[in-house]
Amino acid sequence: MELSGKHAVVCGSTQGIGLASAKLMAERGASVTLVARNEEKLKLALKSLDSSEGQVHSYLVADFSKPEELKERIENYIADGKAPHILINNTGGPKGGPIKDAAPVEFLDAFNQHLVCNHIMVQAIYPKMIENGYGRIINVISTSVKQPLANLGVSNTIRGAVANWSKTLANELGQYNITVNNVLPGATNTGRLKSIAEVKAGKTNQSVEDVFSGMAEQSPMQRIAEPGEVAEAIAFLASERASYINGINVPVDGGRTKSL
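Here we summarise the structure given alongside this text. (Residues numbered from 1 in each chain as written. Predicted model: local features only at pLDDT ≥ 70, side-chain atom pairs only at ≥ 80, totals over all residues. Heavy atoms only, no water.)

Moving on, we come to the overall build of the protein. Along its length, the protein carries eight helices and seven strands. For the protein, the C-alpha radius of gyration of 18 Å lies close to 18 Å, the compact-globule estimate for 260 residues. Dimensions along the principal axes, computed over C-alpha positions, put the protein at roughly 55 × 40 × 40 Å. Evaluated residue by residue, the protein yields a buried proportion of 48% over its 260 residues. (Helix = DSSP H or I, 4+ residues; strand = E, 2+ residues; numbered from the N terminus. Rg over C-alpha atoms; globule rule 2.2 N^0.38 Å. Buried < 20%, exposed > 50% of the residue type's maximum accessible area, 1.4 Å probe, protein only.)

Three or more residues of helix H7 (residues 208–217) are buried, namely Val211, Phe212, Met215 and Ala216. Angularly, the buried residues of H7 cover 140 degrees about the axis, an arc narrow enough to put them on a single face. Buried residues along H7 sit in contact with helix H6 (191–204). (Arc of directions from axis to C-beta. Contact = heavy atoms within 4.5 Å.)

Attention now goes to the pairing of strand S5 (residues 135–140). With six of six residues buried, S5 lies mostly within the body of the structure. Because side chains alternate across S5, one face comprises the buried residues Gly135, Ile137 and Asn139, and the other comprises Arg136, Ile138 and Val140, equally buried. Each parallel crossover has a hand, and for strand S4 (residues 86–90) linked through helix H4 (residues 104–132) to S5 it is right-handed. As for the winding sense of the linkage, the β-α-β connection from S5 through helix H5 (residues 153–173) to strand S6 (residues 178–185) is right-handed. (Right-handed = clockwise from strand over helix to strand, strands pointing away.)

On to the side chain of Lys6. Tracing the sequence through the fold places Lys6 in the segment before strand S1 (7–11). Using a relative accessible area of 14% as the deciding quantity, one classes Lys6 as buried. Discounting residues that sit within four places of it in the chain, Lys6 has contacts with Ala30, Ser31, His85, Ile86, Tyr134 and Glu240.

This structure, assessed with the given rule, holds zero aromatic pairs. Its end group placed over the ring of Tyr134, Lys6 keeps NZ or CZ at 4.5 Å from the ring centre. Sitting over the ring of Tyr134, Arg136 keeps its end group 4.2 Å from the ring centre. (Phe/Tyr/Trp six-rings, centres within 6.5 Å; stacked < 30°, edge-to-face > 60°. Lys NZ or Arg CZ within 6 Å of the ring centre and 35° of its normal.)

Excluding glycine, residues mostly have negative phi values, and the peptide bonds linking residues are mostly trans. The phi dihedral of Asn177 falls on the positive side, at around 60 degrees, and the residue is not glycine. Along the polypeptide, Asn177 turns up in the loop between H5 and S6. Overall, Asn177 belongs to the partly exposed group, its relative accessible area being 33%. The backbone of Asn205 sits at a positive phi, close to 60 degrees, despite the residue not being glycine. Tracing the sequence through the fold places Asn205 in the loop between H6 and H7.

Following the criterion strictly, the structure yields nine salt bridges and no others. Residues Arg223 and Glu229 are paired through a salt bridge, measuring 2.7 Å at the closest nitrogen-oxygen approach. Judged by relative accessible area, which is 40%, Arg223 ranks as partly exposed. (Salt bridge = Lys/Arg side-chain N within 4 Å of Asp/Glu carboxyl O.)

As a further point, take the packing of H6 against H7. For the pair H6 and H7, interaxial distance at closest approach is 8 Å and the crossing angle is 110 degrees. In terms of axis orientation, H6 runs roughly perpendicular to H7. Seen from above, H6 lies across H7 with right-handed handedness. The residues of H7 that touch H6, namely those facing Leu193, Lys194, Ile196, Ala197, Glu198, Lys200 and Ala201, are Val208, Val211, Phe212 and Met215. (Axes fitted to C-alpha atoms, helices over the stretch in contact; angles between N-to-C directions. Parallel < 35°, antiparallel > 145°, perpendicular 65-115°, else oblique. Left-handed = near helix turned anticlockwise from the far one by under 90°.)

Here we have seven strands laid out as an open sheet, ordered S3-S2-S1-S4-S5-S6-S7, and parallel in their pairing. What marks the edges here is a single partner per strand, and that holds for strand S3 (58–61) and strand S7 (249–252). Across the sheet, the mean angle separating the axes of adjacent strands is 20 degrees when strand polarity is ignored. Here S4 pairs with S5 via five bridges, running parallel. Among the inter-strand pairings, Asn90 is bridged to a residue of S5, identified as Val140. Of the strands in this sheet, S1, S4, S5 and S6 are in contact with H4, which crosses S4 at around 170 degrees. Against the sheet, H5 engages S4, S5, S6 and S7, with an angle of about 160 degrees to S6. (Pairing = 2+ DSSP bridges.)

A word on the side chain of Asn139. Structurally, Asn139 can be placed in strand S5. Leave out the neighbours within four places in its chain, and Asn139 touches Asn89, Asn118, Trp165, Ser166, Val180, Asn181, Asn182 and Val183.

Structure below.
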């Protein structure tokens, strides 16, 4: 599963699953471009990447709540001669809450931050993947595309849209040796999960630790995942070994999802 000679663009890569994925791909030889909105955090994350094989790492400051700004920055990045082989689309999820109470603007904002921005990234990068004769597009979404999650109404809706967009892309780009797959994390020890747990704790008079314990009990593994465990699946799909895996959803949830 070596990635030597490959160049990966990893979105949302200053923390959580994105950072774990960037670190793992760098360890396996890839040069990595980190993408996030906070430059100071990007600089810190950049220092944590392995460069022992001569990898050249960089970062791109971009805010996924501003699609036009993202479009300009990724297009300038590609025009500067960059030719990525791997794209990891990874964006923090919308705020929680029941769908019946969601304001219409919440759907529009989430649609822009997830589907529209993912599409902008793909449109800028896939021609270079065709030139390279190698492409891996991996979208980090959610197990909610298989089984909607309670009190995540907007997220459930948008994640389903991204999954179907991804499957359509897989059908169109496979002929160019570009695969498009989705990784579906379950409960994972990230900042987002902590924020969800804090909201639930406030509403139910539980501690955050109790909420985490309840989440862990929903998995046959009786624990939540660490970001590095999800990153392993992402790095595999980015590798040569996954050359004929295309257009699928890969849950990394310890078996929590009830469907096959």
